[in-house]
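A look at the structure
Next come the chains, spelled out residue by residue.
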Amino acid sequence: MRRRKPRKPKAILFERTVEPMKILLITTGGTIAAVTTPEGLAPDERGGALPQALRMLGGRYQIEHVPLFSMDSANMQPEEWREIARCVFERSALYEGVVITHGTDTMAYTASALSFMLRGLSVPVVLTGSQLPASHLLTDAVENLRCAFAMAASGAPGVFIAFDRLIMLGCRAVKVRTTGFRAFESVNMPPVGVVDGEGLTLRRDLIPRQTGPFALKSDLCNDVFLLKLTPGFQPEFLTGLGAMHYRGVVIEAFGAGGLHFIRRNLVEPLEMLVKGGMAVAVSSQCLYERSDFSLYQTGRKALDAGVIQCYDMTTEAAVTKLKWALGQTGDLNEVRRMFATNYAGEVTLP
């Protein structure tokens, strides 16, 4: 019997390609899109060199671009936070993730605000920017964009900041350097992700689980004041806040939690503000570790006056949470309940 010759394998006519992931890109200006003008660096309406930087991502993503703003982030205010939140709410269901380019100066405020306004997210929303314009030879824009898009494609829902190969919860990030590439740090919580020789590694145990249906809760109260105490601070200023019709104040107190009541008694005007219906939230001037106003006599007097503790929240998170809480309700007891709730990983409650 004649033996058959073994068949040659068929030639592979094509390789199976991975479908590009659909990512929504919302641009708002910032240094990453800036160009040199006679008045200094300013965002360019056409995005500066940002389009060229995006092309360096290759064909891995199918990107839809929404140019929402072209502004320096120093001009970014609650009105813009609401527009960004609405854009994400109305469009994100069609995409695997969202990337928002933003100036670095107020990025932590925007990220914190979005963390509260966008409830029940089903996709990652990742903010990024750069310390040098995308047109600069040594820019950090390309690397930050790569990390942001990788996080947007990760499937881990929530609001994040991607910067200098770190992924941070949006409500835990703080800008700590004005020019250094490691501009942001994750305060009182480790980064939830790191980009290194193994690619993007996520600590999913640190990412809060999203619960409930996707909802936009974007009402904000802009009548919130931030106050940093100094030794010798005059109590009359606190009384004046009530006369200026502020509805809330965040006070950065000393150390683990204290304010002076000898010679210049700050406790009495705080109690008057609370009785008058103002929400008074207190935190520490220290960047790291939590405040605990129950430790010392000075702090306990503040608690007895009716202030709300912020524990280990960043200033950015405390301010935006108070703006958001007062935008949702005028009931001071409900504001207290909201500050006793951890919505997005912003606080470690006792």
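Located above this text is the structure these notes cover.
Definitions and cut-offs
Position numbers for residues start from 1 in each chain and track the written sequence from start to end. Local features are withheld for residues below a pLDDT of 70 in this predicted model, meaning they are given only at 70 or higher, and side-chain atom pairs are given and counted only at 80 or more; totals for whole chains, interfaces and linings count all residues. Excluded from the side-chain calculation are hydrogens and water; included are all heavy atoms of the structure. Pairing between two strands requires that DSSP report at least two bridges joining them. Helix and strand labels come from DSSP, where a helix needs a run of H or I of at least four residues and a strand needs a run of E of at least two; each type is numbered from the N terminus. Lines fitted to C-alpha atoms define the axes, with helix axes restricted to the stretch in contact, and inter-axis angles between N-to-C directions lie between 0 and 180 degrees. Here a residue-residue contact requires only that any non-hydrogen atoms of the pair lie within 4.5 Å. Think of a 1 Å grid over just the protein atoms. A cavity is a set of points where a 1.4 Å probe fits yet cannot get out, a pocket is an open set with protein on both sides within 12 Å along at least five of seven lines, and lining residues have an atom within 4 Å of a point. Grid points are joined across faces, edges and corners, and a volume is the space filled by probe spheres set on the points. Three categories are distinguished: nonpolar for Ala, Val, Leu, Ile, Met, Phe, Trp, Tyr, Cys and Pro, charged for Asp, Glu, Lys and Arg, and polar for the others, with Gly belonging to the last. Between buried and exposed lies partly exposed: a residue is buried under 20% and exposed over 50% of the maximum accessible area for its type, with that area taken using a 1.4 Å probe on protein chains only. Clockwise travel from the first strand over the helix to the second, with the strands pointing away from the viewer, marks a crossover as right-handed. We count a salt bridge whenever a side-chain nitrogen from Lys or Arg sits within 4 Å of a carboxyl oxygen from Asp or Glu. Any angle between 65 and 115 degrees counts as roughly perpendicular, while under 35 counts as roughly parallel, over 145 as roughly antiparallel, and the rest as oblique. Note on convention: near helix rotated counterclockwise from far helix by under a right angle means a left-handed crossing. Clockwise means right-handed.

Moving on, we come to the sheet that holds strand E13 (residues 199-202). A sheet is described by the order of its strands in space; here 8 strands give the open sequence E4-E1-E5-E7-E8-E9-E12-E13, paired in mixed fashion. Of all the strands in the sheet, the pair left with one neighbour each is strand E4 (61-71) and E13. In this sheet, adjacent strand axes meet at a mean angle of 20° when their direction is disregarded. Sheet topology note: the strand E12 (residues 193-196)/E13 ladder contains 4 bridges and is antiparallel. For Val-195, the partnering residue across the bridge sits in E13 and is Leu-200. Together, strand E5 (97-101), strand E7 (124-128) and strand E8 (158-163) form the strand contacts of helix H3 (residues 107-117), whose direction differs from that of E8 by roughly 160°. Here helix H4 (residues 141-152) sits on the sheet and contacts strand E1 (21-29), E4, E5, E7, E8, strand E9 (166-169), E12 and E13; the angle it forms with E7, its principal contact strand, is near 170°.

This next bit is on empty space enclosed by the protein. Gaps left between atoms are located by rolling a probe of water-molecule size over the structure's atoms. Evaluation of the coordinates by the stated rule reveals 1 cavity of 30 Å³ or more. Each pocket or cavity is described by its volume, and for the largest cavity that value is around 100 Å³. Contributing to the lining of the largest cavity are 15 residues, with Gly-158, Val-159, Leu-169, Gln-210 and Ala-344 lying nearest its centre. Top contributing element to the lining of the largest cavity by residue count: E8, with 3 residues. In terms of residue class, the lining of the largest cavity is made up of 11 nonpolar, 4 polar and no charged.

On to the pairing of strand E17 (residues 279-284), then. Within E17, 6 of the 6 residues are buried, which leaves the element mostly enclosed by the surrounding structure. What you see with E17 is no split at all: Ala-279, Ala-281 and Ser-283 on one side and Val-280, Val-282 and Ser-284 on the other are buried throughout. Relative to E17, strand E16 (residues 248-253) is paired through 6 bridges, and the arrangement is parallel. In the strand pairing of E17, Glu-252 is matched with Ser-283. Crossover connection from E16 via helix H6 (residues 267-275) to parallel E17: handedness right-handed. Strand direction decides the pairing type here: E17 and strand E18 (residues 308-309), joined by 2 bridges, are parallel. Along E18, the bridge assignment pairs Ala-281 with Ile-308.

Side-chain pairs of opposite charge can arise whenever the charged atoms involved come near each other. Here the structure, examined in full by the defined rule, presents 14 salt bridges. Here Asp-105 makes a salt bridge to Lys-175, at a shortest N to O gap of 2.8 Å. With Asp-105 in the loop between E5 and H3 and Lys-175 in strand E10 (residues 173-175), this residue pair connects regions lying 70 residues apart in the sequence. Note on Asp-105: relative accessible area 48%, which makes it partly exposed. A single network of salt bridges, built from pairs that share partners, joins Glu-143, Arg-146 and Arg-165.

Next up on the list: unusual backbone geometry. In this model, Asp-164 sits at a positive phi of 50°, which is unusual for a non-glycine residue. Within the secondary structure layout, Asp-164 lies in the loop between E8 and E9. Judged by relative accessible area, which is 23%, Asp-164 ranks as partly exposed. For Tyr-311, which is not glycine, the phi torsion reads 55° and is therefore positive. Tracing the sequence through the fold places Tyr-311 in the loop between E18 and helix H8 (315-328). Its relative accessible area of 17% is what places Tyr-311 among the buried residues.

A few words on the packing of H3 against H8. Here H3 crosses H8 at 45°, and the two axes come no closer than 9 Å. In terms of their interaxial angle, H3 and H8 are classed as oblique. Relative to H8, the crossing made by H3 is right-handed. Facing H3, whose interface residues are Ala-108, Tyr-109, Ser-112, Ala-113, Phe-116 and Met-117, H8 presents Thr-315, Glu-316, Ala-317, Val-319, Thr-320, Lys-321 and Trp-324.

Within E1, 7 of the 9 residues are buried, which leaves the element mostly enclosed by the surrounding structure. Relative to E4, E1 is paired through 8 bridges, and the arrangement is parallel. When the sheet's bridge partners are listed, Lys-22 is paired in E4 with Gln-62. As judged from the 5 bridges shared by E1 and E5, these two strands associate in the parallel manner. Within E5, the position partnered with Ile-23 by the bridge is Gly-97.

Attention now moves to the environment of Glu-19. With respect to the helices and strands, Glu-19 occurs in the segment before E1. Residue Glu-19 is classed as exposed on the basis of its relative accessible area of 62%. The spatial distance from the C-alpha of Glu-19 to the C-alpha of Gly-158 is 24 Å, given a sequence separation of 139 residues.

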